[in-house]
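Now for the letters of each chain:
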Amino acid sequence: MNIFSRFALRSLARNRTRTVVSIFGIALSCALICAVLTSVVSMNTMLFERTAADEGTWQMEAAGLTQDGWNKIASDERVENHTEVVELGAVEMGEDNAADYGSWLFVKTMPQNPAGTKLITTPEITSGRAPEAPGEILLPHYLEGVELAPCGLSSTGTLELGSAVSFQLGERTLQFLGEAGSGYGVDNAGPIVGTSVAGTYFNADDVIEGYEPNLGTIDGTVVGFYRAYGFSSTRAFSGNGAYVYPEQDAVEQALADGSEATCVFSLVTMKNPQDATAFATELAEANDATEGTVTHNSLLRWQGVTGDADIWNTLYMIAAVLAVVIVVAGVSLVYNSFAISVAERTRMFGLLSSLGASKRQLRRSVLTEALLLAVVGIPVGLALGLLGCMIVFHFTGAGLASMFDVDTYGLTVRAVVSPTALALSAALALVTVLVSAWVPAIRASRVSAVDAIRQTKDVRLTRHTRRQLARANRRSKHAGGSVDTRFRGIAARLFGIPGFIAHRNLSRATSKGRVTVAALAVSVALLIVAGIIGNTLGYASGTALNTMDEVDLAVMVDATSAEASDGTLVREDGVVDAAAFQTALAALYEDARDIEGATPLGYHTSYIADVIVPASLVSNTSSQFFGTMLADGSWSGPAYVDFVDDATWRSYIEELGLSVQEFCDPAAPRAVALNQYDYSDGNTYGSYNPLKGTGDIQTFSYVRVEGMYGGGIVSDEAGEPRVWYNAPDGSEEFVPLSEGITDIDAITVGALAEHGPTGVTTHTNTLTLMLPASAIGLAHNMGIGTAGISFGTSGSGEVAAKAQEAFSQIAEAHPELDCAYNNAAQAKAQTRMMSDTIQTFIYCFTAITGLIAVANVFNTLTNSLILRRREFAVLKSIGMGDRAFRRMIAYECASYALRGFAIGFVLSCVVAVLMGNAMQQSFSTFTTSLPWPQVGISAGVVLAVILVSVAYALHRCRVASVVEALREDAI
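Residues numbered from 1 in each chain as written. Predicted model: local features only at pLDDT ≥ 70, side-chain atom pairs only at ≥ 80, totals over all residues. Heavy atoms only, no water.

**What about the overall build of the chain?**
Reasoning step 1: Along the chain, the regular secondary structure elements total 27 helices and 28 strands.
Reasoning step 2: For the chain, the residues scored as buried account for 46% of the 971 residues in total.
Reasoning step 3: Here the contacts in the chain between residues at least 6 apart in sequence split such that 79% fall between residues at least 24 apart.
Reasoning step 4: Summed over its atoms, the accessible surface of the chain is roughly 45800 Å², and 55% of this surface lies on carbon and sulfur atoms. (Helix = DSSP H or I, 4+ residues; strand = E, 2+ residues; numbered from the N terminus. Buried < 20%, exposed > 50% of the residue type's maximum accessible area, 1.4 Å probe, protein only. Contact = heavy atoms within 4.5 Å. Areas by Shrake-Rupley, 256 points an atom, 1.4 Å probe, with all protein chains shown as cover.)

**What about the pairing of strand β17 (residues 635-644)?**
Reasoning step 1: By the criterion of burial, β17 is predominantly enclosed, with eight of the ten residues buried.
Reasoning step 2: The sheet contact formed by strand β16 (residues 599-613) and β17 spans ten bridges and is antiparallel. Bridging across to β17, Tyr607 finds its partner in Val641.
Reasoning step 3: Note that β17 and strand β26 (residues 768-772) share five bridges and pair parallel. Of the residues in β26, the one forming a bridge with Phe643 is Leu771. (Pairing = 2+ DSSP bridges.)

**Some words on the packing of aromatic side chains**
Reasoning step 1: Applying the stated rule across the entire model yields twelve aromatic pairs.
Reasoning step 2: Both rings, one in Phe791 and one in Phe807, keep their centres 5.8 Å apart while their planes meet at 70°; by these two values the pair is edge-to-face. Separated by 16 residues along the polypeptide, Phe791 in strand β27 (residues 783-792) and Phe807 in helix α22 (residues 797-811) bring together distant segments of the chain.
Reasoning step 3: Judged by relative accessible area, which is 1%, Phe791 ranks as buried.
Reasoning step 4: Assessed through its relative accessible area of 0%, Phe807 is described here as buried.
Reasoning step 5: Each ring, one from Phe901 and one from Phe905, has its centre 6.5 Å from the other, and the planes form 20°; the classification is stacked. With Phe901 and Phe905 both in helix α25 (residues 882-919) and four residues apart, this pair spans about one turn of that helix.
Reasoning step 6: On the basis of relative accessibility, which here comes to 25%, the residue Phe901 falls in the partly exposed class.
Reasoning step 7: The rings of Tyr226, Phe237 and Tyr243 are connected pair by pair, giving a single aromatic cluster. (Phe/Tyr/Trp six-rings, centres within 6.5 Å; stacked < 30°, edge-to-face > 60°.)

**So, the packing of helix α2 (residues 16-55) against helix α12 (residues 419-446)**
Reasoning step 1: Here α2 crosses α12 at 150°, and the two axes come no closer than 9 Å. By the angle between their axes, α2 is roughly antiparallel relative to α12. Read as a crossing pair, α2 and α12 show a hand that is right-handed. Residue-level inspection shows Ile26, Cys30, Ile33, Cys34, Leu37 and Val41 of α2 in contact with α12, the latter providing Ala421, Leu422, Leu424, Ser425, Leu428, Ala429 and Val433.
Reasoning step 2: Its residues assigned to classes, the contact of α2 with α12 shows twelve nonpolar, one polar and no charged. (Axes fitted to C-alpha atoms, helices over the stretch in contact; angles between N-to-C directions. Parallel < 35°, antiparallel > 145°, perpendicular 65-115°, else oblique. Left-handed = near helix turned anticlockwise from the far one by under 90°. Nonpolar A, V, L, I, M, F, W, Y, C, P; charged D, E, K, R; others polar.)

**Comments concerning the side chain of Thr793**
Reasoning step 1: The residue Thr793 is located in the loop between β27 and α22 in this model.
Reasoning step 2: Only 3.0 Å separates the side chain of Thr793 from the backbone oxygen of Ser796, close enough to count as a polar contact.
Reasoning step 3: Apart from residues lying up to four places away in sequence, Thr793 is in contact with Asp552, Gly597, Ala598, Val799 and Ala800. (Polar contact = N/O pair within 3.5 Å; in protein donor to acceptor, adjacent residues only side chain to side chain.)

**So, the UniProt feature "transmembrane region" (unreviewed entry) in the chain**
Reasoning step 1: In this numbering, the UniProt entry assigns the feature "transmembrane region" (unreviewed entry) to residues 20-41, 315-338, 370-395, 415-439, 517-540, 840-861, 896-915 and 935-954.
Reasoning step 2: Between the C-alpha atoms that bound residues 370-395 the distance is 36 Å, and the span itself is 100% helix and 0% strand. (UniProt positions renumbered as here; feature names shortened; annotations may be inferred.)

**Focus on the sheet that holds strand β10 (residues 207-212)**
Reasoning step 1: One open sheet accounts for three strands, arranged β9-β8-β10; its pairing is antiparallel. Two strands close off the open sheet at either side, each with one partner strand: β9 (192-193) and β10.
Reasoning step 2: Here strand β8 (residues 171-176) pairs with β10 via six bridges, running antiparallel. The residue bridging Glu171 from the neighbouring strand is Glu212, located in β10.

**What about the sheet that holds strand β24 (residues 732-736)?**
Hydrogen bonding along the main chain pairs the strands of a sheet, whether they run parallel or antiparallel.
Reasoning step 1: Pairing in this open sheet of three strands is antiparallel, and the strands run β22-β23-β24 from one edge to the other. Strand pairing shows two members of the sheet lacking a second neighbour, β22 (709-715) and β24, which therefore form its edges. Each neighbouring strand pair of the sheet contributes to a mean axis angle of 30°, computed without reference to strand direction.
Reasoning step 2: Where strand β23 (residues 721-726) lies against β24, five bridges are found, and the strand directions are antiparallel. If you follow Tyr725 over to β24, its bridge partner there is Glu733.

**Observations regarding unusual backbone geometry**
Reasoning step 1: Here the phi dihedral of Asp743 falls at roughly 50°; this positive angle occurs in a residue that is not glycine.
Reasoning step 2: Tracing the backbone through its elements, the reader meets Asp743 in strand β25 (residues 741-753).

**Some remarks on the nonpolar core**
Reasoning step 1: In terms of nonpolar packing, the biggest core is built from 63 residues, with Phe643, Leu767, Ile789 and Phe807 touching the most fellow members.
Reasoning step 2: At six residues, the largest contribution of residues to this core is made by helix α17 (residues 578-591).
Reasoning step 3: Beyond its immediate chain neighbours, meaning those up to four positions away, Leu767 contacts Val613, Phe625, Phe626, Trp635, Ala639, Tyr640, Leu674, Tyr677 and Leu691.
Reasoning step 4: Leu28, Val522, Val857 and Met888 belong to the second largest nonpolar core, which has 43 residues in total. (Core = buried A, V, L, I, M, F, W, Y, C linked by side-chain atoms within 4.5 Å.)

**As for the pattern of salt bridges**
Reasoning step 1: Under the defined criterion, the tally for this structure stands at 13 salt bridges.
Reasoning step 2: The partner of Arg129 in a salt bridge is Glu136, with the nearest N and O atoms 2.8 Å apart.
Reasoning step 3: Its relative accessible area of 32% is what places Arg129 among the partly exposed residues.
Reasoning step 4: Among the residues examined, Glu136 registers a relative accessible area of 14% and is labelled buried.
Reasoning step 5: Arg722 is the salt-bridge partner of Asp716, the closest N and O atoms lying 3.9 Å from each other.
Reasoning step 6: Residues participating in the shared-partner salt-bridge network are Lys72, Asp76, Arg78 and Glu282. (Salt bridge = Lys/Arg side-chain N within 4 Å of Asp/Glu carboxyl O.)

Shown next as structure tokens:
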């Protein structure tokens, strides 16, 4: 160890407070980086494993491989693993079986995963097992226990495990009809071979299907049945298929037989996931995959290969802001500590320089201090980060499991210890420390020995101060050389001599003062930014995760068609009698009000009405919600009209602060229109306010036209409203509005609301009007939608289950009603767990960021004051008392606090704008705002930390006497 290393160790040992706080800050910064990276890696791993368990680890699929394509896959060095599925031909199921079991069955080879991989997930076996040897066959679940009419799949008796079956294979052809651009091709194009990729469900008027049984037969024994959905995440498993054990040369035979009906699918993983898209494109462009190629985007996104979805852009932008916040916090804490320390020790560095120390040696001395702090702080930070992640993941495991649905696949929630994440965290923390120490080290090495000893570089007068001194000198000359000894300025008038001295200290613009202000600004910004991030992520989770309302048990009610029904609820024309249905629903609700443990929340019926909303009610942005508007600015289309039981309606009106007398009058019913609708298109979240005022909304029925259906009201070329009728054969007719609508009525909307009554499920993307049950007469021109009764059980799924059982027994006495049940308590519990999990991560981030901010302020202020012991000793030696000394320090701290808060507030506003822009990528209605409670808390926290820091620093300064302080500085 050389002399400069010992010098660095001695410096750290002499100022233990600065050393401990600096290590604490480095550890917190490293812990935050490590926690963020570990959380990202853990969640990414969890999502990757879940997707792989559900869909397999394949990254690219090629359908309809040619010989060249097969050779390319087998020989390309970028390919890590691949497995093939061969479609051997189609089986015609016959007209007698088609209605129940589909027209076609495609025989394919069972995929075999390479050893140690799960390239593709095999179908779910419902009974038996998968084929494991030649001659074994796996059939769809819907054929188990079925005896088929004669067709291409022949067997003796009922299909079951052990049945001997025979497939007659052949080529299925498709001749598409229609005009160019119709989506079905043109009828002068020749027929194509219809493999499973082409699909099986076509309109007979659009496609002519043919079949030639020319590919031989396959005989075997049924060893299992699998759950067939008719669709899959892979093309290889699309369509209704039967699977056989593959022969060793099945791919070669299919490529060599000359028939397009024998199709080869290949599922591929690449050594580098980034190559998957390029490899798929190469195969497609060379026509080496005649049925096309697809990439496994749902898996590749977790391997760093993502698309341009808005939600991902938002996440990346938020992650970038978080990264900047973390790095700035760490740099600020460490930099301030070194900047103050080096600024105070410039005299010492000057002495070393005068004794022959080079600039490189001086820089190395400061950087050695930084490395020594990092050697202790970084391992502690990594350990804290990992421990924190493990604790958080342990306590939020249930929420994360619900959020990512990992329990279904036998996966566990865990914090993944990634060497890459740890190394990156350590590297970022080390870079943060070195960058923070580099600027002070450069500053110390560039001061000349004479200037350093005289400390002339530590004090620089501001321009304003220099102008004041120049004016004072001019006044002195005009006064005959006499010196004006009066103290000028607000500081001197308010605080006297202590204020004057403090103002002079501040006006000298020392580097220590600038560092203190910067530290306070960063700390204020960190505390406010933590609130901004909390509000932002809370809004995102609250919008994306619907936490539902108080309903724990929802009963869906309909008019029954059971034999026990007396038929009084359904009219002869098949339409439900609205008034009778409402009466029956009310009777059932009344009988079920006293179910033990369940709180009745009311009942409602929901009808679908065709309406015309006048232009006076339509808001300026409603076109995005309503769609096509009429020429006069009005809108016509379907709307929901909900009739709520009178007791619930009255409570709702009182909750909204509306007049009970006006809105509960059966003779003149007034509706409340829901005017906030959340929506999501999978990438973007937001909400609409389609209405801007109140008034009458017209309801009507379409005049019946033989063989046609009323499709809506549109504007013609002259801007006049007309009723559009269409028929199944594609013909259409437009008639004047007066001739196309009948049974006209009006609903008076008296108020707009952002939410519906308790227990009433509101619709997310359709205009909804709400009325009391006493206004059911307005439903005469509407069609019944849904009806329901709601109960609350304080979130208990067990109580909800018992209430459901009790309700079902009561419902038996009401045979005219048919009931279905939804125990919402469990789903709500899972949603709450997901929301709480997100909030836990937000709180952890806020807590660590707050600790960094507090440590920053404490470290900067205590060191800046402790290192001014010589200055304080001089002031006391010339007679400054304790009271005057405290007033001077109070003035300086007030100045630092005000300037730091102002700058930090501006910085937080910039971050708020950046976060707002990121959120608006995916949440179109998100508005940027500052968390004012957090601003107040930040001011209070910073003020408290300043008081504690000053008290501690002054206590340290009082320990040494004036003579000792002056002597220590002179040595």
